[in-house]
Structures are given as structure tokens and as C-alpha cells.
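Reading the structure
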Amino acid sequence: ILITHRKVDHWFRNEITGALIGRLVQTYYNLDDLSSIVIKPTNDPREAYVIPSEVVIPTGTASAEQSQAANASVEAQNRPARTLYKTIAPHIPQNGPERFRRQIVSPEFAEDQADIAAQQEAIRQQQSQTRRTQRKINRLERSHGVTPHSAVSDERRLAGLQLLQESNQDANA
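This text gives an overview of the structure that appears in the document. Keep in mind the model is a prediction, meaning the values are calculated, not measured.

Quick word on the sheet that holds strand β4 (residues 33–40)
Taken in spatial order, the 3 strands of this open sheet run β3-β4-β5, and their pairing is antiparallel. Two strands in the sheet have a free side with no partner beyond their single neighbour: β3 (26–30) and β5 (49–52). In this sheet, neighbouring strand axes are inclined to one another by 30 degrees on average, regardless of whether the strands run parallel or antiparallel. Bridge analysis of β3 against β4 gives 4 bridges, and the strand direction is antiparallel. The residue bridging T27 from the neighbouring strand is I39, located in β4.

In C-alpha cells, the structure reads:
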């Protein structure tokens, strides 16, 4: 839990907050004393937890004890998520012994992705062809001393320049 007061961040985390990730909870705190907060995950008046403030350690100059305390706080925060993952992981057949989880997508989405990939490849090929054509036009214009005409399509300019090149080759032969 993060509370920003007077442009200063105050972090509160432990194993209890780790179990409550993604849930809306009621939080009670005193802005004059942010050493701890009280959270109520349910409407039950008997269920409330006091969460101590996370000690901010200086970057680069933290002692080994300070670093260990900060790491222990993060470990406590992440423990419920790891426990939950270890509980459900064997029931996901795609997870198996692999290190990284595969992405599970619906067949319709996979088909859409294939269509999109095919369209993207067609666009790349068209762009590549356009660049090759433009390079040919630029080379031929330079070799024949022709000024570029942007009002004429690339295909017509290329055809005209190739015709000019053929006529020059015939005249030189």
C-alpha cells in the first residue's frame, strides 16, 4: 500500500497485504503519524490488521541489515502469491516442467493473429518493393540527368526512364 503525503511516499507491506493484492480494502491512518496503518479487508468489525510502515533505506549506502530487512519485507509481500501459484501450477497442463508459462489463447484469436501477421507481411513486401522501385528511379534519373517529377507515378517514371535508357543504348550501339 502506498500513501503519498506532502510529496513523500510511505510504503506499507507485509504478508497480509500480499494476500490482499487486487482487492479493495478500507484503510485507516493518521497523517501526523504514518508509522503504521490499519486495514479492514471485510466489513467484519473483528477483522482488522495493523501494517507497519516500510523502512526506507538509503540507495547505495544501506547496511547489510537494512538490505536484509527490506528484502524480507518484499519476500513476505510475495509469499501468498508464490503459495497460490505453487498450489495451482500442477493443475495447468501447459505449465508442466517448463520454466516459463505458455500463453493460452483461444483458437479464434490465434486465427486473427495469423491474419494480422499475413497482412503485416504483405505490407512489408509492398514497402520493400516501393523502396526498390524508388532506388531504380533515382539511379536512372541521375544517370540520364533527368529532374524528378513527383506528379507522375513511380511506375510511369520507371517505365519512361527504362525506355530512355534503352533508346540511349540503341543509339550508342
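Quick look at the side chain of T17
With respect to the helices and strands, T17 occurs in helix α1 (residues 15–19). Relative accessible area serves as the criterion here: at 7%, T17 is assigned to the buried category. A polar side-chain atom of T17 sits 2.9 Å from the main-chain amide nitrogen of N14. If we skip the residues at most four places from it in the chain, T17 touches I1, F12, I39, I51 and Q77.

Some words on unusual backbone geometry
Positive phi is not limited to glycine here, since R6 has a value of about 55 degrees. Considering the arrangement of structural elements, one finds R6 in the loop between β1 (2–5) and β2 (8–11). Notably, K7 is not glycine yet its phi reads approximately 65 degrees, a positive angle. Following the sequence through the fold, K7 ends up in the loop between β1 and β2.

Thoughts on the pairing of β2
With 4 bridges connecting them, β1 and β2 associate as antiparallel partners. In the strand pairing of β2, I3 is matched with H10. Hairpin connection, β1 to β2: the antiparallel pair is bridged by 2 residues, and R6 has positive phi, about 55 degrees.

What counts and what doesn't
- Residue positions within a chain follow its written sequence, with the count starting from 1.
- With the structure being a predicted model, the display of local features is reserved for residues of pLDDT at least 70 and the display and counting of side-chain atom pairs for 80 or more, all residues being used for whole-chain, interface and lining totals.
- Values shown for side chains rest on all heavy atoms present in the structure; no hydrogens or waters enter the calculation.
- Note on pairing: two strands pair once DSSP finds at least 2 bridges between them.
- Note on conventions: DSSP H or I runs of at least 4 residues are helices, E runs of at least 2 residues are strands, and numbering of each starts at the N terminus.
- To define axes, lines are fitted to C-alpha atoms, for helices over the stretch in contact only, and angles between the resulting N-to-C directions are given on a 0 to 180 degree scale.
- Only protein chains enter the area calculation, which uses a 1.4 Å probe; residues under 20% of their type maximum are buried, those over 50% are exposed, and those in between are partly exposed.
- Residues adjacent in sequence count toward polar contacts only when both atoms are side-chain atoms; beyond that, a polar contact is any pair of N or O atoms within 3.5 Å, and within protein one must be able to donate a hydrogen and the other to accept it.
- Note on definitions: a residue-residue contact is assigned when non-hydrogen atoms from the two residues lie within 4.5 Å.

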